[in-house]
Amino acid sequence: MATPLPPLRRATLLLVAVLVGVLASTARADLVISRADRRVDLTSHIVRVLASLKVENVGPDPVSQVLLSFPNIQAKNLAAIRAFGTEGKVKGPSTVLPIEIVEPSGAPPELTFFSALLHKPLEKGKILHLDVLTVFTHSLQPFPEEITQAEAQLVVYQDSAHYLSPYPVKVQSLAIRLPGGRVESYTRHPSAKLVDSELKYGQFEDLPPFSYLPIIVHFENNHPFAVAKEVIREIEISHWGNVQITEHYNIAHGGAKLKGEFSRIDYQSRPYVRGVSSFRNLIARLPPRAHSIYYRDEIGNISTSHLWSDSKKTQLEIEPRFPLFGGWQTTFTVGYGLPLQDFVFYSDGKRFLNITFGSPMEEILIEKLIVKVVLPEGSKDIEVSAPFPTKQWQEVKLSHLDIVGRPVVVLEKPDVIPEHNLYFQVYYKFNNISLLREPLMLITGFFLLFAACIVYMRTDMSISKSSPSYLAKLQWDEVQATVQKIQGIFEQCLAVHDKLEASLRDLSRTGDIQSCKAARKAADAQFKELSKELKPLLTSLQASPQSYQIWPKVEELITKEREMQEKLMARHSTVVDSFEKKLRGQDVENRIALQQQKIAALRQEVESLLEYISEI
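The paragraphs below set out a description of the structure included in this document. (Residues numbered from 1 in each chain as written. Predicted model: local features only at pLDDT ≥ 70, side-chain atom pairs only at ≥ 80, totals over all residues. Heavy atoms only, no water.)

Working definition: the strands of a sheet are paired by backbone hydrogen bonds and lie parallel or antiparallel to each other. Reading across the sheet, the four strands line up as β25-β26-β31-β28 and stay open at both edges, with antiparallel pairing between neighbours. The two strands at the open ends of the sheet, each matched to only one other strand, are β25 (344-347) and β28 (380-385). Adjacent strand axes in the sheet meet at a mean angle of 25°, parallel and antiparallel pairs treated alike. Judged from the four bridges that link them, β28 and strand β31 (residues 423-429) form a sheet pairing that is antiparallel. Bridging from a neighbouring strand, Glu383 pairs with Tyr427 of β31. (Pairing = 2+ DSSP bridges. Helix = DSSP H or I, 4+ residues; strand = E, 2+ residues; numbered from the N terminus. Axes fitted to C-alpha atoms, helices over the stretch in contact; angles between N-to-C directions.)

What follows covers the packing of helix α5 (residues 468-510) against helix α7 (residues 551-580). Two numbers describe how α5 lies on α7: the axes approach to 11 Å, and their chain directions differ by 15°. Between α5 and α7, the crossing angle belongs to the class labelled roughly parallel. Like other packed secondary-structure pairs, α5 and α7 cross with a definite hand, here left-handed. Across the interface between the two elements, Phe490, Cys493, Leu494, His497, Leu500, Glu501, Ser503, Leu504, Leu507 and Ser508 from α5 touch Leu557, Ile558, Glu561, Met564, Gln565, Leu568, Met569, Arg571, His572, Val575, Val576 and Phe579 from α7. A class-by-class count of the residues in the contact of α5 with α7 yields 14 nonpolar, five polar and three charged. (Parallel < 35°, antiparallel > 145°, perpendicular 65-115°, else oblique. Left-handed = near helix turned anticlockwise from the far one by under 90°. Contact = heavy atoms within 4.5 Å. Nonpolar A, V, L, I, M, F, W, Y, C, P; charged D, E, K, R; others polar.)

On to the sheet that holds strand β18 (residues 242-253). Strands sit in the order β21-β24-β18-β17-β27-β30-β29 across an open sheet of seven strands; the sheet is mixed. Every interior strand has two partners, whereas the edge strands, β21 (291-296) and β29 (391-397), have only one. Recorded for the sheet is a direction-independent mean angle of 15° between the axes of neighbouring strands. Here eight bridges tie strand β17 (residues 226-238) to strand β27 (residues 365-374), and the two strands are oriented parallel to one another. Bridge pairing links Val227 to Leu365 in β27.

Right, here's the structure in full:
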């Protein structure tokens, strides 16, 4: 049973069918299409239609153009159209015909018309073989619009089995190439025939102008629906021998959105079953002598890429950090260098860049492509020649060793497909003397640096020894040296404090009272010795005029340290006395509790003062 179409699609097809009678009034009677064969390629998400037409002039006057018509619902997705024609009964080598959009008199607004302009008018009774290639985007609509990880992707394509033309068609046929896999449903017709992966309609004979037979094909298509929301392609020219290409991609999967949760385990165990609608790699075909190739994202370099190269091409296979399902997107950057002589040439007094416009990625749709061509500083008389219309403007980019900046030519185009990957040219004038600008700037800079070093080394920059600033500096140096010695003495005092603490711990462990008393006696002697060493340093510090800032803190430090000495000696004596009287441990702790708290507070204050003095 065929899957029902969305109501909007059925309404659209009914509207087109109603218009057929109205459109017949705009037909021209001087041209007849004796045969029209169309081939529609649906193997990817970009739809390509090749119409081979045999056009005959049956009117009395020569004809200089051939009209091509499309419904607006189809024309809005038209990304590219090309026509190739040759005159004669037998089809020979074709030439490219210019295409322009036209509005014939009396044409209804529901149709869009293009005109293929002939190089010379088609005379009465003559035959023109015309091949028209049209490329459409967003013409395959996912149906259903959401699928689970394990489901295949089904899409819907709608068209007309009859070639919609303003001219009568004697014989015509339609062949639709499908990607393989299952075909859910298609519009039945006596002439319809599905063989393997090709669906055929026709032949149809003697059809009037604007004949329209709506058809719908619902089929499986798991081809990567790679859609780049935006690509910024920067081409920077250096006349030192390199053209650097940097491409920033924001790519999404434009197919049916993923419904439910994603299971990494299922995907890794059976990727072609539990992830058939996703894609995990993209192929970029780079020029043959591309070098210094890198591939990274916001996190850093991505190692899951493979590179093959030969004399004809360089193929880069990149794999994002995660597979892309419908609605998912990722961003990354691809960069590479190209030899200058392969892409920049000289002609008629001008240099010109000759390089492809689009992305090297295979089968990717770019909804917005911005190409920036960064020319060397000093370039002028800039001109651009592109094979299709683009929005253009100029900017300035400042880089290393630039003075006024480098001119940047910016080209912007929507809906870019692989067919737009054509060569375009940027012409500019550039004087070779400008190449010497940066080396001369470097040489001059280094020369001035070395000259400044020589002058500095040979100039006496010392301050006069009789100046007040020099004398003040000497006095401050003396204060700093004195303070360092005072700090060393107080650190020794703290070390003696630690020895007293250690003797009490030994006493509680061994009970050796005599050793503990000896330790206290030795500590008292060390305190007296350190006090003698400290006295002249304090006198010298107090006498210096530069010590006004630090002397109050030194005085406070002396007071706190002496108070801590007294508390330590008192506590030591109390503990030894308690041991001699053989008091209980709890009683000893009670006797020295207040002393212990005071000593700890004093110790913290002394250490804070030492740290403060050290910072000054």
